[in-house]
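Each chain, letter by letter, is given below.
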Amino acid sequence: QVQVVESGGGLVQPGGSLRLSCAASGITDNMWVMGWYRQAPGKLRELVATITAPGSTRYADSVKDRFTIHRDSAPNTVYLQMSALRPEDTAVYYCRLDRRPWALGDYWGQGTQVTVSS
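The rules behind each value
- Residues numbered from 1 in each chain as written.
- Predicted model: local features only at pLDDT ≥ 70, side-chain atom pairs only at ≥ 80, totals over all residues.
- Heavy atoms only, no water.
- Salt bridge = Lys/Arg side-chain N within 4 Å of Asp/Glu carboxyl O.
- Helix = DSSP H or I, 4+ residues; strand = E, 2+ residues; numbered from the N terminus.
- Buried < 20%, exposed > 50% of the residue type's maximum accessible area, 1.4 Å probe, protein only.

**Student:** When you look at the pattern of salt bridges in this model, what are you seeing that I'm missing?
**Tutor:** Under the definition given, this model contains 8 salt bridges. The partner of Arg99 in a salt bridge is Asp29, and the shortest N-O contact between them spans 2.7 Å. Of this pair, Arg99 sits in the loop between β9 (91–98) and β10 (106–108) while Asp29 sits in the loop between β3 (18–25) and β4 (33–39); the two residues are 70 residues apart in sequence, bridging distant segments of the chain. Here Arg99 falls in the buried class, since its relative accessible area comes to 6%. A salt bridge links Arg66 to Asp89; its shortest N-O distance comes to 2.8 Å. In this pair, Arg66 is assigned in the loop between β6 (57–59) and β7 (67–71) and Asp89 in the loop between β8 (77–82) and β9, connecting sequence segments 23 residues apart. For Arg66, a relative accessible area of 9% translates into the label buried. Note on Asp89: relative accessible area 1%, which makes it buried. Each member of the salt-bridge network shares a partner with another, and the members are Arg38, Glu46, Arg66 and Asp89.

Shown next, in the form of structure tokens:
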């Protein structure tokens with residue numbers, strides 16, 4: 001059974017940093033794209049950053065040069081390092097394990113709250 005579990009959200013002051021973690025279990029191959037999406041109150045869910053198994057990354061314009069997505073040596077684990085946080089980064093952040101290009105499904109974590117406020 002595939003599971004996606006996030007951790008690392010919380011309250012941080014503007015200009016601060018935070019790291020989110022996402023671990024996907026139940027898969028033993030490299031056929032995936034993992035990514036972070038966020039949803040603020042009253043807004044649609046939007047892409048933040050994605051990374052492929054070989055390591056190609058993609059970022060939303062609003063987070064370029066502030067956020068970094070990267071893999072860890074642990075299998076199927078990715079991180080989102082967030083710096084220079086702004087109040088408008090406040091949202092619930094969701095991790096996604098996207099295996100649709102290989103017709104293997106699409107999996108989401110439960111979400112973790114990030115609040116940027118003084």
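Further notes follow.
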